[in-house]
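Remarks on the overall topology
Letter by letter, the chains look like this.
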Protein chains: 2
Amino acid sequence: MANNIPYKTYLTEEEMPKQWYNVRADMKKKPAPLLNPGTHQPMTLDELSVVFCRDLAEQELDDTTPYIDIPDEILSFYKMYRPSPLVRAYCLEKMLDTPAKIYYKFEGNNTSGSHKLNSAIAQAYYAKKQGLKGVTTETGAGQWGTALSMACAYLGLDCKVYMVKVSYEQKPFRREVMRTYGADVTPSPSETTNVGRKILEEHPGTTGSLGCAISEAVEVATSTEGYRYVLGSVLSQVLLHQSIIGLESKAAFDKLGVKPDIIIGCAGGGSNLGGLISPFMGEKLRGEADYRIIAVEPASCPSFTRGKYAYDFCDTGKVCPLAKMYTLGSGFIPSANHAGGLRYHGMSSVLSELYDEKLMEAVSVEQTSVFDAAQKFARIEGILPAPESSHAIKVAIDEALKCKETGEEKTILFGLTGTGYFDMVAYQKFNDGIMTDYIPSDEELAKSFASLPQM
Amino acid sequence: MANNIPYKTYLTEEEMPKQWYNVRADMKKKPAPLLNPGTHQPMTLDELSVVFCRDLAEQELDDTTPYIDIPDEILSFYKMYRPSPLVRAYCLEKMLDTPAKIYYKFEGNNTSGSHKLNSAIAQAYYAKKQGLKGVTTETGAGQWGTALSMACAYLGLDCKVYMVKVSYEQKPFRREVMRTYGADVTPSPSETTNVGRKILEEHPGTTGSLGCAISEAVEVATSTEGYRYVLGSVLSQVLLHQSIIGLESKAAFDKLGVKPDIIIGCAGGGSNLGGLISPFMGEKLRGEADYRIIAVEPASCPSFTRGKYAYDFCDTGKVCPLAKMYTLGSGFIPSANHAGGLRYHGMSSVLSELYDEKLMEAVSVEQTSVFDAAQKFARIEGILPAPESSHAIKVAIDEALKCKETGEEKTILFGLTGTGYFDMVAYQKFNDGIMTDYIPSDEELAKSFASLPQM
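Overview of the structure. (Residues numbered from 1 in each chain as written. Chains lettered and ligands numbered in written order. Predicted model: local features only at pLDDT ≥ 70, side-chain atom pairs only at ≥ 80, totals over all residues. Heavy atoms only, no water.)

A separate point is the sheet that holds strand S8 (residues 184-188) of chain B. Residues and elements named next belong to chain B. An order of S8-S7-S6-S9 is seen for the four strands of this open sheet, with the pairing classed as parallel. Each edge of the open sheet carries a strand with a single partner, namely S8 and strand S9 (227-229). Neighbour-to-neighbour, the strand axes of the sheet open up by a mean angle of 25°, direction not taken into account. In the packing of helix H6 (residues 143-155) onto the sheet, contacts are made with strand S6 (134-139) and strand S7 (158-164), and the angle to S6 comes to roughly 165°. (Pairing = 2+ DSSP bridges. Helix = DSSP H or I, 4+ residues; strand = E, 2+ residues; numbered from the N terminus. Axes fitted to C-alpha atoms, helices over the stretch in contact; angles between N-to-C directions. Contact = heavy atoms within 4.5 Å.)

Put simply, the two copies of the chain differ by a rotation about an axis and a shift along that axis. Laying chain B over chain A is done by rotating through 180° and shifting 0.0 Å along the axis; what remains is an RMSD of 0.0 Å. Those values place the two copies in the arrangement expected of a two-fold rotation axis. When each C-alpha of chain B is compared by its distance to the rotation axis, Asn109(B) comes out closest, at 3.0 Å. With an isologous cut-off of 70% or more, the 100% of interface residues of chain B that recur at the interface of chain A puts this contact in the isologous class. (Least-squares fit on C-alpha atoms with pLDDT ≥ 70 in both.)

The next subject is the side chain of Lys105(B). Considering the arrangement of structural elements, one finds Lys105(B) in strand S5 (residues 101-106). Residues in contact with Lys105(B), not counting those within four places in the same chain, are Arg82(B), Ser84(B), Pro85(B), Leu86(B), Ile245(B), Glu248(B), Ser249(B), Leu276(B), Leu413(B), Phe414(B), Gly415(B) and Leu416(B).

As a further point, take the sheet that holds strand S10 (residues 262-266) of chain B. Remark on secondary structure: sheet strands pair via backbone hydrogen bonds, oriented parallel or antiparallel. All names here are of chain B. Reading across from one edge, S1-S4-S5-S15-S10-S11-S14 is the order of the seven strands in this open sheet, with mixed pairing throughout. Every other strand in the sheet has two partners, leaving strand S1 (8-9) and strand S14 (361-365) as the edge strands with one partner each. The sheet contact formed by S5 and strand S15 (residues 411-416) spans six bridges and is parallel. In the sheet register, Lys 105 faces S15, and the bridge partner there is Gly 415.

Residue and element names in this part refer to chain B. When you tally the buried positions in helix H14 (residues 349-356), you get seven out of eight residues, the bulk of the element. Inspection of H14 places Ser 349, Val 350, Leu 351, Ser 352, Glu 353, Leu 354 and Tyr 355 among the buried residues, and these make up the whole buried set. Buried positions along H14 lie against helix H11 (236-256), helix H12 (271-285), helix H13 (303-306), strand S12 (308-313), strand S13 (322-327) and S14. N-capping of H14 is provided by Ser 348, with a side-chain oxygen placed 3.2 Å from the backbone N of Val 350. The first or second residue beyond H14 is Lys 358, which carries a positive phi of 65°. (Buried < 20%, exposed > 50% of the residue type's maximum accessible area, 1.4 Å probe, protein only. Polar contact = N/O pair within 3.5 Å; in protein donor to acceptor, adjacent residues only side chain to side chain.)

Here you go:
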């Protein structure tokens, strides 16, 4: 293919970003603060430090410092699996016969299979630096738990993972990867915590939820000497760490002399999307450039497109701080036929504020169309994508096909967050033609909105 | 870490090799030719072309041309997942506290999870070029079948895979990846072939073997219009395609100004080892440089270290040409507790000849020590290795520890052929402490040697 743009662009180690970018620093209207669930007052550093280690609590509260140095130890770890490639999707373009130029930032080339490792190593590092013994967390599909297990194995930290029971049973291999990395994995809800026992009593036979696993992990962290809680998405500190995705993408584009027109990412709690768009959004906020930014979410868990922008509980047990976000209510659980991730009831406060100010768009897509896009992509670009990532693929293809109609040569960037090697049960359903779609009714959402706290 | 060598070295697209290297051209004593199983005469081009497509049959017979151009279409495909990184294992070195410098060439960053894709795309390309409708093959652990499915999906070729029944049942996710890429996967032995029916009649309840799956795939290819058979290892054409691994490694070392002292690879049929060592062996054969080269095989399937160098059947059904190789006899089947791949009864004729001339060494290792090395490696270098690759890791660690004793600063290169994401059943056995070792007795081997053909 006669083109000067290589299939893959890698930064050199010298070109890799040495600082994270904190998009909140450039936001005129700051994201709403986390509130103490008892007093409804903003969480203080001391209060947050009970749950998170000190440095991370500071990062969570810091909405003014634009660039934060990445510690050397984290840079060394990043060098083991980063930079990730910025890939030109020549084969996909050819198949679609589109004048659009499609790029994707591929975060799946590491054993966790996703971008989650970018924040896992950061959170584990600060815990180690504080002299802690270990960390606790929850995991749903298992990508975050795997990433954290890897980071903790590397640093010699204990790692206790509460894994949503249905995933624990359906994804024994994910569980086994975490065990190989030395993590202690417990199906949630469990008998090991007060909140777990309470939920089991109220809902015997429940297969668990992310919100419930969060409650258990937080309880263990706050009641065990030398432990803190860590979380793989939603939090502002996570978006800060994940900005490495966008910073590398932007540096690679600058190297190529290319500027994207449209940036597309899947959105569950917002970790990947927030990281991917951060430096581009920064330019937009500073009036230096303009980009069309699109969040893609499942139609079965539509927090941006059908949620309310309100303070809500972050977990089922209601032990966490309250966050203002686009939310479906903490009682919302996606229907049983929902196959992929992106199942959290709320959305990052940072992204929620940017979306509310109309600095980005959001669309929702149904899962059979997502797996159809995933299969097409796999066959022509060679990478078997995670169901989550495939939401972005679906919309990138849609936008490229619009360019085909209009003849516009737009440059599209999307985030390919990970691989689908542990999601073959969902692929099998699609291959067998028995995957179904689901869109919650207005009545169903009204019911879950009723769980929003009275403020 | 104060060092000028980066963690990962990638060639640029311009630096990627444009030709494969055919090590046979530099061998004074050529590998013994394939023989017609009926006449015991060397297979002619016309005879081979019944089984393989014409260009591949020519490559199989060509032991004089040192460099063969890689067609543009294959180069384009290579650019989607290559170059693979040459990685400096800084963290492993630090953990071992060794003065040795350890490098690995990592071939696992593609959806097939291994180096197999390097030859799959080549074989599918030549089939397509000849105007064929499709190809047939066998697969054991599933890496080769996945790679071939990917290549065929990309080129629009039919792909029929005979998968060893025990793997088909135990690795439903591998099977599902192949189906996602549009392949037709049949458990072997099956009722779809004469040889399958015969084997099922003689051994009802058999869980299959590679040799049996080969027989079925060859039968279908030679009896179906527009089909040919392809194979992922053992053949000289496969080693030719896999030379891309060694050529890239050598180019990256040259770029760094480094020369390895010891080169280590796992050996089943020889595809990875042969590819990795080819250009280095070429220098050795031409007297330009010297390297210590070590093949690592499972103690439970020790074709190099305990096999006979003799003509043998390549398959159970005895429909394939005879090959001279280090072999345990085509009747050999590794014991049921053998967890990883590397289970073929024979070894590449090229490598067998080089080993026989003492141009390389071979060692065998037991599987619990292999998984112990795999777990150590995963925890410190971040990559969860395939059981096959972990054989090389084990011996690389052993050699690095010898350097620690002697104080020698040797440079070690090993091939990390792939990832273990679909091997978690084996990892689980290791994690649970119930994995066992097995070394076949002399009596057992004597029995399987009895299946060698009378020449």
